[in-house]
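Secondary and tertiary structure notes
So the chains spell out like this:
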Amino acid sequence: MNSLSKTEDQFTVAFYNLENFFDTKNDPYTLDDDFTKEGVKNWSETKFRKKAKKLGRTIARIGEDDTALPPVLVGIAEIENKEAIDKLLSTKALKDIKYRYVHFDSPDERGIDTALIYHADHFEVIASETIPLWVNSENGERDLTRDILYVHGKLHEEEIHVFVNHWPSRRAGSEETEHKRIKAAETIIDKLEVLSVTGNNYIIMGDFNDDPKSKSIQRLMETGKFINPMQSLLSPGSGSANYRGEWSLFDQILLSHSFLNFEEGTHSFKKAKIFAPRFLKEWKGRYKGNPYRTYVGRKYLGGYSDHFPVYVVLKEN
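Model, not experiment: these values are computed from the prediction. (Residues numbered from 1 in each chain as written. Predicted model: local features only at pLDDT ≥ 70, side-chain atom pairs only at ≥ 80, totals over all residues. Heavy atoms only, no water.)

**So, the overall build of the chain**
Of the regular secondary structure elements, the chain holds four helices and 16 strands. Against the 2.2 N^0.38 benchmark of 20 Å for 317 residues, the chain shows a C-alpha radius of gyration of 19 Å, consistent with a compact globule. Looking at the 317 residues of the chain, the share that counts as buried comes to 54%. Carbon and sulfur atoms form 47% of the exposed surface of the chain, whose accessible area is close to 14,700 Å². Here the chain holds 45 positive side-chain charges and 49 negative ones, and the gap between their average locations is 8 Å. (Helix = DSSP H or I, 4+ residues; strand = E, 2+ residues; numbered from the N terminus. Rg over C-alpha atoms; globule rule 2.2 N^0.38 Å. Buried < 20%, exposed > 50% of the residue type's maximum accessible area, 1.4 Å probe, protein only. Areas by Shrake-Rupley, 256 points an atom, 1.4 Å probe, with all protein chains shown as cover. Lys, Arg positive; Asp, Glu negative; His and termini not counted. Charge placed at Lys NZ, Arg CZ, Asp CG, Glu CD.)

**Points about the nonpolar core**
Buried together is how nonpolar side chains tend to be arranged in soluble globular proteins. Counting residues in each nonpolar core, the largest one holds 34 residues, and the members touching the most others are Leu18, Phe21 and Leu88. At the level of secondary structure, the elements contributing two or more residues to this core comprise β1 (10-21), α1 (45-61), β2 (73-79), α2 (82-89), β4 (113-119) and β16 (310-316). Not counting the four nearest positions on each side in its chain, Leu18 is found in contact with Lys51, Leu55, Ile76, Ala77, Glu78, Ile79, Leu88, Tyr304 and Ser305. Core analysis: the second largest hydrophobic core is formed by 29 residues, Leu73, Leu255, Val312 and Leu314 among them. (Core = buried A, V, L, I, M, F, W, Y, C linked by side-chain atoms within 4.5 Å. Contact = heavy atoms within 4.5 Å.)

**Some details on the side chain of Thr177**
By the element assignment, Thr177 lies in helix α3 (residues 174-195). From its side chain, Thr177 meets the backbone oxygen of Ser174 in a polar contact 3.5 Å long. (Polar contact = N/O pair within 3.5 Å; in protein donor to acceptor, adjacent residues only side chain to side chain.)

**Some points on the environment of Arg298**
Along the chain, Arg298 falls in the loop between β14 (295-296) and β15 (299-300). Sequence separation between Arg298 and Asn81 is 217 residues; the distance between their C-alpha atoms is 22 Å.

**Re the sheet that holds strand β12 (residues 251-256)**
Sheet architecture is open: six strands sit in the order β5-β6-β7-β8-β12-β9, paired in mixed fashion. A single partner strand is all that each edge strand has here, and the edge strands are β5 (123-131) and β9 (226-227). (Pairing = 2+ DSSP bridges.)

**Considering unusual backbone geometry**
One non-glycine residue with positive phi stands out, namely Asn209, at about 55°. One can find Asn209 in the loop between β8 (202-207) and α4 (215-221). The class of Asn209 is buried, set by a relative accessible area of 10%. Although it is not a glycine, Arg244 sits at a positive phi angle of roughly 50°. Inspection of the secondary structure puts Arg244 in the loop between β10 (241-243) and β11 (246-248). Residue class for Arg244 comes out exposed when judged on its relative accessible area of 75%.

**Thoughts on the side chain of Asp147**
Looking at the element boundaries, Asp147 is found in the loop between β5 and β6 (148-155). Apart from the residues within four sequence positions on either side, Asp147 is in contact with Asp105, Ser106, Pro107, Thr114, Thr130, Ile131, Pro132, Leu133, Arg142 and Val164.

**Points about the packing of aromatic side chains**
Applying the stated criterion across every chain yields a total of eleven aromatic pairs. Considering the side-chain rings of Phe279 and Tyr304, the 5.5 Å spacing of their centres and the 55° angle between planes classify their relative orientation as tilted. Taken as a pair, Phe279 in the loop between β13 (267-274) and β14 and Tyr304 in the loop between β15 and β16 lie far apart in primary sequence, 25 residues in all. The residues Phe279 and Tyr304 share a single accessibility class, namely buried. An aromatic cluster is defined as three or more aromatic residues linked by ring pairs; in this entry it consists of Phe275, Phe279, Tyr292 and Tyr304. We note Lys47 situated over the ring of Tyr300; from NZ or CZ to the ring centre the distance is 4.5 Å. Over the aromatic face of Trp283 sits the side chain of Arg278, whose NZ or CZ is 5.0 Å from the ring centroid. (Phe/Tyr/Trp six-rings, centres within 6.5 Å; stacked < 30°, edge-to-face > 60°. Lys NZ or Arg CZ within 6 Å of the ring centre and 35° of its normal.)

Here it is in structure tokens:
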């Protein structure tokens, strides 16, 4: 797209699962041993730096066909700690962008967290906190999973409430773990009840480990508060991740109905997309067109992530 056609009143809000973006240090309190120099994946400082460089270049380009600026908000998942975020933001592609971030360590047993990167020229943080997700494993013990990150801030002069999610995985089976993701949805709904007196501009983003039609996402939609502009993006031939030949759209951004208005000083929804340029894809072979990932099992491919980023474009009125 010609850069002259990119209006300067449109802004990108994105989400990106970074696929195990670990530093190389061994944290004795988490199960990060695979991603150390001595681990089975032979993770190294060189591989860490290469991945940071690739992720940085990707984030800078999300929405480039639609907006003149890099994203103003980027929710990220599967990042180990502040050191990894600092390395990411210091890469050549991002270091000159006025990016800041909100991050808290979560109780996830592998040590992976979520965070919100924001462009400080466009977004101001008012408050932030983590919302614990209380779910049990099959044995009745607490499942130490990712907290939900909540950030209250101002996008330009409009107050918004952002939730960054990485809901419990399907590793033990989609039906067996479904209740955990429904619980995550209900945890957000409980928080919305508290927030209802302070505003109604909500952005719920994340890797939900569920598709738009799954019960957990439908639980959010049943509140009548949201639109899901991502639901039309999933098809047999496209999605944000591919597992055993089947596309999924676990990565989604839900918006409150308030983003459908056109009042002055507000932001309105323009479009939703999966960011899947050629450089993020496998170029040939059996998995051609799939996300070009960093690892397949223990095999190092040197790619970006096993997920494509997703984004929405908002217009400032």
